[in-house]
Amino acid sequence: MSHKKRSRLRVGRYSAPGTRPGTLTTDPDAPPSEIQVIAYGPERLDELEVSDPAELRPLLGQAPVLWVNVHGVGHAESLQAVGDVFQLHPLALEDISNVHQRAKVEPYSEYLFAIARMPTGDPPNTEQISIILGRGFVLTFQEGQGDHFDPVRERIRLGGARMRNGGPDYLAYAVLDAVVDSYFPVLDRIGNHLETLEEEVLADPSPDTAARIHSIRRTLLGLRKVVGPHRDAVNALLRGGSDLITSQTELFLRDVYDHAVRITELAEAYRELSSDLMSIYLSVVSNRMNEVMKVLTIIASIFIPLSFIAGLYGMNFDPDASRWNMPELGWTVGYPFALLIMLLVAGGFLWFMWRKGWLS
């Protein structure tokens, strides 16, 4: 994971302060939404794309389950048209268009409205997924192209008994389960990065290592803030007591809740590990610096007395003026004598440090 790229885990467009509730947030450059439809039941399967949301109205009630997937929520006219077909509340449409929402569940009189955040890219970004569970239909709204729902679509196409016989509540469960489970590969990649960094920290840490650890810590902190509300949202579905969710589907939602808890705990564990790695990095760098200072101190300790001896014999006293003025300057072995003294002093210091264990 490159430390030069910061993961953006908070995205969104906000309405201006004081705006009337239910106002849709628009993107001037947004194209009209793309709408994909899958209508299915035990004995039928129809897939089509519609360009005009009004074409959805005749499809209502024609199949046991109608899945409408909307790509793009910045085009207000398309979003409002879909809302008119399915009689969505203006506040729900506002939350769909404002893509900065955290994961949550809100019950309405005729449907359940849920928001989840789906990881995309590496470093991980997140995309808001809005899910509306109604009687006979499921609506999903995505910010853009690309999702983790292909396995769900394949299960429908392959005619799996549970998928094709299940109602819209089971489809909503499958979509939510795909979103939650999509965090596992992200955390696996982060875990692999942490293992590599752990080996690097212990073997040969560098300033680049610290930068990458810090980047992963930021990513994990953002992920923890994102995945935590999913646990509360799924718990709200389990405790909501809505007649739109059958008792059989509640059993599967418990599994989604368990996965959300595991993801939250895993993100927290990796965040603690990244903090520990940073502490280990600082300790290793500090120990390395201490080793360098130790070597330099030993060298300085040896050369301080040698410098004293060299400085002593470098004084400009005239030995002819007095017999006390450095008589050894006139000795035949004066120079070897000075070198011998220096050698004995250096050896004595090394022996003393060895006996103290300072050289180990």
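Residues numbered from 1 in each chain as written. Predicted model: local features only at pLDDT ≥ 70, side-chain atom pairs only at ≥ 80, totals over all residues. Heavy atoms only, no water.

## So, empty space enclosed by the protein
A full pass over the atoms with the stated rule returns three cavities of 30 Å³ or more. The volume enclosed by the largest cavity comes to roughly 120 Å³. Taken together, 13 residues form the lining of the largest cavity, with A114, I131, L133, A172 and L237 sitting closest to its centre. Counting residues per element, the ones that place at least two in the lining of the largest cavity are β5 (112–120), β6 (125–133), α5 (168–181) and α8 (247–312). Among the elements that make up the lining of the largest cavity, the one with the highest residue count is α5 (four residues). Of the residues in the lining of the largest cavity, the class split is eleven nonpolar, one polar and one charged. (1 Å grid on protein atoms, 1.4 Å probe; cavity = no way out; pocket = protein on both sides within 12 Å on 5 of 7 lines; lining within 4 Å. Points joined across faces, edges and corners; volume = space filled by probe spheres on them. Helix = DSSP H or I, 4+ residues; strand = E, 2+ residues; numbered from the N terminus. Nonpolar A, V, L, I, M, F, W, Y, C, P; charged D, E, K, R; others polar.)

## Notes on the nonpolar core
Most often, soluble globular proteins have nonpolar side chains that are buried together. Grouped together as the largest cluster of nonpolar side chains are 55 residues, with contacts concentrated most on W67, L171 and I190. Filtering out sequence-adjacent residues up to four positions away, W67 remains in contact with Q36, V37, I38, V138, T140, F149, V152, R153, I156, L171 and V175. Core analysis: the second largest hydrophobic core is formed by 29 residues, L66, V82, F86 and L93 among them. (Core = buried A, V, L, I, M, F, W, Y, C linked by side-chain atoms within 4.5 Å. Buried < 20%, exposed > 50% of the residue type's maximum accessible area, 1.4 Å probe, protein only. Contact = heavy atoms within 4.5 Å.)

## What to know about the environment of N325
Inspection of the secondary structure assignment puts N325 in the loop between α8 and α9 (334–356). Taking C-alpha positions, N325 is 103 Å from N69, a pair spaced 256 residues apart along the chain. When neighbours within four sequence positions are excluded, N325 is seen to be in contact with F317, D318 and P319.

## Some thoughts on the packing of helix α1 (residues 76–86) against helix α2 (residues 90–97)
One way to put it is that α1 packs onto α2 with a least axis distance of 11 Å and a crossing angle of 145 degrees. Of the two possible hands of crossing, α1 and α2 adopt the one that is right-handed. Contacts between α1 and α2 pair L79, Q80 and G83 from the former with L93, I96 and S97 from the latter. Its residues placed into classes, the contact of α1 with α2 shows three nonpolar, three polar and no charged. (Axes fitted to C-alpha atoms, helices over the stretch in contact; angles between N-to-C directions. Left-handed = near helix turned anticlockwise from the far one by under 90°.)

## Quick word on α9
With 23 residues, α9 extends 33 Å between its outermost C-alpha atoms, agreeing within 8% with the 33 Å of an ideal straight helix rising 1.5 Å per residue. Looking only at α9, the buried set comprises G334, A338, A346 and M353. (Expected span 1.5 Å × (residues − 1).)

## So, the confidence of the model for the chain
Per-residue pLDDT for the chain has a mean of 85; in total, 92% of the residues score no lower than 70. In the model, residues 1–12 has pLDDT below 50 throughout and makes 38 contacts with residues more than four positions away in sequence or in other chains. (pLDDT = per-residue confidence, 0-100.)

## Some thoughts on the sheet that holds strand β3 (residues 65–71)
Pairing within the open sheet is mixed, and its seven strands lie in the order β2-β1-β3-β7-β6-β5-β4. Each end of this open sheet is capped by a strand with a single partner; those strands are β2 (44–50) and β4 (104–107). The mean inter-strand angle of the sheet, taken between neighbouring strand axes irrespective of direction, is 15 degrees. (Pairing = 2+ DSSP bridges.)

## Things to note about the pairing of β4
Regular strands have side chains that alternate between both faces of the sheet. Where β4 and β5 come together, four bridges link them in antiparallel fashion. Residue pairing for β5: P107 is matched across the bridge by L112. Linking two consecutive strands that pair antiparallel, namely β4 and β5, is a turn of four residues.

## Here we look at the environment of F137
By the element assignment, F137 lies in strand β7 (residues 137–142). Owing to a relative accessible area of 10%, F137 belongs among the buried residues under this scheme. Considering only alpha carbons, one finds F137 and A172, 35 residues apart in sequence, at a separation of 9.3 Å. In this view, F137 contacts L66, F86, I132 and P168; residues no more than four positions away in its chain are not counted.

## What to know about the side chain of H71
Counting through the fold element by element, H71 comes out in strand β3. Engagement of the side chain of H71 in a polar contact is seen with the side chain of Q36, the distance being 3.4 Å. A polar contact of 3.2 Å, which involves the side chain of H71, links it to the side chain of N69. (Polar contact = N/O pair within 3.5 Å; in protein donor to acceptor, adjacent residues only side chain to side chain.)

## Quick look at the packing of aromatic side chains
Within the structure shown, the criterion is met by eight aromatic pairs. Look at Y108 and F113: their rings are 6.5 Å apart centre to centre, the planes differ by 65 degrees, and that puts the pair in the edge-to-face class. Of the two residues, Y108 and F113, neither departs from the other in class, the shared state being buried. Every member of this aromatic cluster is reached through a ring pair, and the members are Y108, Y111 and F113. (Phe/Tyr/Trp six-rings, centres within 6.5 Å; stacked < 30°, edge-to-face > 60°.)

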